[in-house]
Amino acid sequence: MPESAYVLINVLPGQTANVKNLLAQIEEIKTIDACWGKPDIFVKVEVASQEALTQLVLTKIHAIEGVAQTDTHLVYTLHE
């Protein structure tokens, strides 16, 4: 079963549009929302595993020029 997570991204001033365009090229990213305030961009991702999530954030998202910081939140299902 795929893992879902939200990645909150802080961007350097003036870089939001460029970062958003580059994020759109990453297959695992399912939604991208630019927002006022901090963080600047919210993305929802779907990956095969937590290891894949780690690699996505560290090697793809952090590699984008203009990305200053990320905060990742793994989604889980509550079983009642």
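Residues numbered from 1 in each chain as written. Predicted model: local features only at pLDDT ≥ 70, side-chain atom pairs only at ≥ 80, totals over all residues. Heavy atoms only, no water.

J.: Tell me about the pattern of salt bridges, and name the residues and values.
T.: Should the charged atoms of two oppositely charged side chains come close, the side chains can pair. Applying the stated criterion across every chain yields a total of two salt bridges. Note that Asp 40 is salt-bridged to Lys 38, the shortest N-O span being 3.3 Å. Residue classification places Asp 40 among the buried positions, given a relative accessible area of 13%. (Salt bridge = Lys/Arg side-chain N within 4 Å of Asp/Glu carboxyl O. Buried < 20%, exposed > 50% of the residue type's maximum accessible area, 1.4 Å probe, protein only.)

J.: I'd love a proper account of the side chain of Asn 10, names of residues and values included.
T.: Tracing the sequence through the fold places Asn 10 in strand β1 (residues 3–11). By relative accessible area, Asn 10 is classed as buried at 18%. Discounting chain neighbours no more than four positions away, the residues touching Asn 10 are Lys 38, Pro 39, Asp 40, Gly 66, Val 67, Ala 68 and Gln 69. (Helix = DSSP H or I, 4+ residues; strand = E, 2+ residues; numbered from the N terminus. Contact = heavy atoms within 4.5 Å.)

J.: Summarise the nonpolar core; cite the residues concerned and give the values.
T.: In terms of nonpolar packing, the biggest core is built from 18 residues, with Ile 9, Leu 23, Val 43, Val 45 and Ile 61 touching the most fellow members. Residue contacts for Leu 23: discarding those within four places in its chain leaves Ile 9, Ile 29, Ile 32, Ile 41, Val 43, Ile 61 and Ile 64. (Core = buried A, V, L, I, M, F, W, Y, C linked by side-chain atoms within 4.5 Å.)

J.: Pulling in residues and values, what's your account of the side chain of Ser 4?
T.: Here Ser 4 is to be found in strand β1. On the accessibility criterion, Ser 4 (17% relative accessible area) is buried. Setting aside anything within four residues of it in sequence, one finds Ser 4 in contact with Lys 44, Val 45, Glu 46, Leu 74 and Val 75.

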